[in-house]
Amino acid sequence: MGEVIQVSDEVAAALADGRPIVALESTIISHGLPRPRNLEAAREFEQILRDQGVTPATIAVLDGVPHVGLDESGVRRIAEEDLAKASVRDLAVLAALGRSGATTVAATAYLAAQAGVRVFATGGLGGVHQGAGDTFDESADLTVLASSPVAVVSAGAKSVLDLPATLERLETLSVPVVGYGTDVFPRFWLRESDLPLDWRVDTPEEIAAIIRAQDALGTRAGMVVANPLPAEQEWDVAEHDRIVAQAFAEADAQGIRGKAVTPFLLLRIVELSGGRSLEVNLDIARNNVRLAAEIASALAA
Ligand code: PSU
Ligand code: MN
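Note that the structure is predicted; figures quoted are calculated from it, not measured.

About the cut-offs
- Residues numbered from 1 in each chain as written.
- Chains lettered and ligands numbered in written order.
- Predicted model: local features only at pLDDT ≥ 70, side-chain atom pairs only at ≥ 80, totals over all residues.
- Heavy atoms only, no water.
- 1 Å grid on protein atoms, 1.4 Å probe; cavity = no way out; pocket = protein on both sides within 12 Å on 5 of 7 lines; lining within 4 Å.
- Points joined across faces, edges and corners; volume = space filled by probe spheres on them.
- Helix = DSSP H or I, 4+ residues; strand = E, 2+ residues; numbered from the N terminus.
- Nonpolar A, V, L, I, M, F, W, Y, C, P; charged D, E, K, R; others polar.
- Domains from an automatic or database assignment.
- Buried < 20%, exposed > 50% of the residue type's maximum accessible area, 1.4 Å probe, protein only.
- Axes fitted to C-alpha atoms, helices over the stretch in contact; angles between N-to-C directions.
- Parallel < 35°, antiparallel > 145°, perpendicular 65-115°, else oblique.
- Left-handed = near helix turned anticlockwise from the far one by under 90°.
- Contact = heavy atoms within 4.5 Å.
- Near = heavy atom within 4 Å.
- Polar contact = N/O pair within 3.5 Å; in protein donor to acceptor, adjacent residues only side chain to side chain.
- Sits in = over half its atoms within 2 Å of the grid points.
- Expected span 1.5 Å × (residues − 1).
- Arc of directions from axis to C-beta.
- Salt bridge = Lys/Arg side-chain N within 4 Å of Asp/Glu carboxyl O.

Remarks on empty space enclosed by the protein
Phase 1 of the analysis: Within the structure shown, the criterion is met by 1 cavity of 30 Å³ or more.
Phase 2 of the analysis: For the largest cavity, the full set of lining residues is L24, E25, I28, I29, A42, F45, T58, A121, T122, G123, A285 and V289.
Phase 3 of the analysis: Elements supplying a minimum of two residues to the lining of the largest cavity: α2 (27–32), α3 (37–51) and α13 (276–300).
Phase 4 of the analysis: Class assignment for the residues of the lining of the largest cavity results in 8 nonpolar, 3 polar and 1 charged.
Phase 5 of the analysis: Taken together, domain 1 (1–117) and domain 2 (118–301) each give at least three residues to the lining of the largest cavity, which thus spans both.

The structure is reproduced here in structure tokens:
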């Protein structure tokens, strides 16, 4: 593994000492947030972790080498270069051709698991897209979590996805979904949906205990920790519904397909909301990074 995946010195030292580490994805930086705020965000997420005594492991493929933990210049590259959006299936292609890519939740979880990093913070998980019955568009984020033992802290999944179908698929794939301080699945920019969850936990220690129990039982799956944003940071529901519907209609009219769908919708929603969705998006990610730090610390204790 050491020959193929480049684990940074800082992450390798934390792994060796059993100190807490949190993985961060690079697609949210390269394709999910507009420049130049994305570079500030990438740096801020790492700083939030360091302030909590946790080592950040931002993950990306640079010049064919999958990196777990980036230095200053690596962080700058994922924010400023036009990188391919890389899921797990792209990793071998990038490695063989010496190309670079920003890793999705799927590819980040896969590489984190390979390196032994167990906790990962993102904004929102990918899922089953609306109309997937016809298009078969389901994010590999779901299937990869079935075999990558990493707890992903996310504010549920975006209301641009088919959330009931997403939860059904996670059930089939045997990926546990736990609500953090909530009994219902959050909808990213909004705290609540009408989708009940089977399990609610209220402390980072409980989540760490679930990770240990997964190991003891040998289930090998990851976990979705659904962490709703604080009420005072929620997006206005009416504005949310109107803008999401409009972005959808535009994606449809322009024939946006495949892996371009998620980045198109996210960036269009930022434009249509005059930047409001971006501020909420950043609050969500910060909130998830903070909880992931607490989980990783509980796991290392
Ligand atoms: N949700 C967000 N921001 C993002 C993404 C999801 O709030 O940037 C990205 C993540 O990297 C996720 C990917 O893994 O979109 C899912 O894309 P797709 O649906 O093409 O699998
Ligand atoms: Mn897709």
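What to know about unusual backbone geometry
Phase 1 of the analysis: Residue R35 is joined to P36 through a cis peptide bond whose omega torsion reads 0°.
Phase 2 of the analysis: With respect to the element layout, P36 can be found in the loop between α2 and α3.
Phase 3 of the analysis: We note that D63 has phi near 50°; this positive angle belongs to a residue other than glycine.
Phase 4 of the analysis: The class of D63 is partly exposed, set by a relative accessible area of 47%.
Phase 5 of the analysis: Phi is positive for S174, close to 60°, though the residue is something other than glycine.
Phase 6 of the analysis: The exposure class assigned to S174 is exposed, which follows from its relative accessible area of 52%.

Quick look at the packing of α3 against helix α4 (residues 72–80)
Phase 1 of the analysis: Where α3 meets α4, the axes come as close as 8 Å, and the angle between the chain directions of the two elements is 140°. Relative to α4, the element α3 lies oblique. Between α3 and α4 lies a crossing whose hand is right-handed. For the pair formed by α3 and α4, the contact residues are N38, L39, A42, R43 and E46 on the first element and E72, V75, R76, A79 and E80 on the second.
Phase 2 of the analysis: Grouping the amino acids of the contact of α3 with α4 by side-chain chemistry returns 4 nonpolar, 1 polar and 5 charged.

Some thoughts on the site of ligand 1
Phase 1 of the analysis: Near ligand 1 there are 16 residues, and of these E25, K85, S139, D141 and K158 occur at the shortest range.
Phase 2 of the analysis: Here E25 contributes a side-chain N or O atom positioned 2.6 Å from an oxygen atom of ligand 1.
Phase 3 of the analysis: Spatially, ligand 1 is embedded in the largest pocket.
Phase 4 of the analysis: The element best represented in the shell around ligand 1 is α2, accounting for 3 residues.
Phase 5 of the analysis: Looking at the shell around ligand 1 residue by residue, the class counts come to 4 nonpolar, 7 polar and 5 charged.

Points about helix α10 (residues 204–217)
Phase 1 of the analysis: Look at α10: 20 Å from first C-alpha to last across 14 residues, which is about the 20 Å you get at 1.5 Å a residue.
Phase 2 of the analysis: Among all positions of α10, only P204, I207, A208, I211 and Q214 are buried. Along the axis of α10, the buried positions cluster into a sector of 115°, meaning they face one direction only. Opposite the buried face of α10, at more than 90 degrees from it, the exposed residues are E205, A216 and L217.
Phase 3 of the analysis: As for α10, its buried residues are in contact with β7 (119–121), β8 (151–154), β9 (177–180), β10 (199–201), β11 (223–226) and α13.
Phase 4 of the analysis: Immediately beyond the C-terminal end of α10, within one or two residues, lies G218, with a positive phi of roughly 70°.

Here's the deal with the pattern of salt bridges
Phase 1 of the analysis: With the rule as written, the count across this model stands at 18 salt bridges.
Phase 2 of the analysis: For E10, the salt bridge identified is with R50, shortest N-O distance 2.4 Å. In this pair, E10 sits in helix α1 (residues 9–17) while R50 sits in helix α3, placing the two residues 40 residues apart along the sequence.
Phase 3 of the analysis: Note that D215 is salt-bridged to R118, the shortest N-O span being 2.9 Å. You can see D215 sitting in helix α10 and its partner R118 sitting in the loop between α6 (105–115) and β7, a full 97 residues away along the chain.
Phase 4 of the analysis: Among the residues examined, D215 registers a relative accessible area of 43% and is labelled partly exposed.

A short note on the layout of surface pockets
Picture a little ball the size of a water molecule; that probe, rolled over the atoms, points out where space is still empty.
Phase 1 of the analysis: Approximately 750 Å³ is the volume attributed to the largest pocket.
Phase 2 of the analysis: For the largest pocket, the lining is made up of 36 residues, of which K85, T104, S139, D141 and T262 are closest to its centre.
Phase 3 of the analysis: Contributing elements (two or more residues each) for the lining of the largest pocket: α2, α5 (88–97), α8 (140–145) and α12 (261–272).
Phase 4 of the analysis: Taken together, domain 1 (1–117) and domain 2 (118–301) each give at least three residues to the lining of the largest pocket, which thus spans both.
Phase 5 of the analysis: For the second largest pocket, the calculated volume is near 350 Å³.
Phase 6 of the analysis: For the lining of the second largest pocket, the leading source of residues is helix α9 (residues 163–172), giving 5 residues.
Phase 7 of the analysis: A class-by-class count of the residues in the lining of the second largest pocket yields 10 nonpolar, 1 polar and 3 charged.

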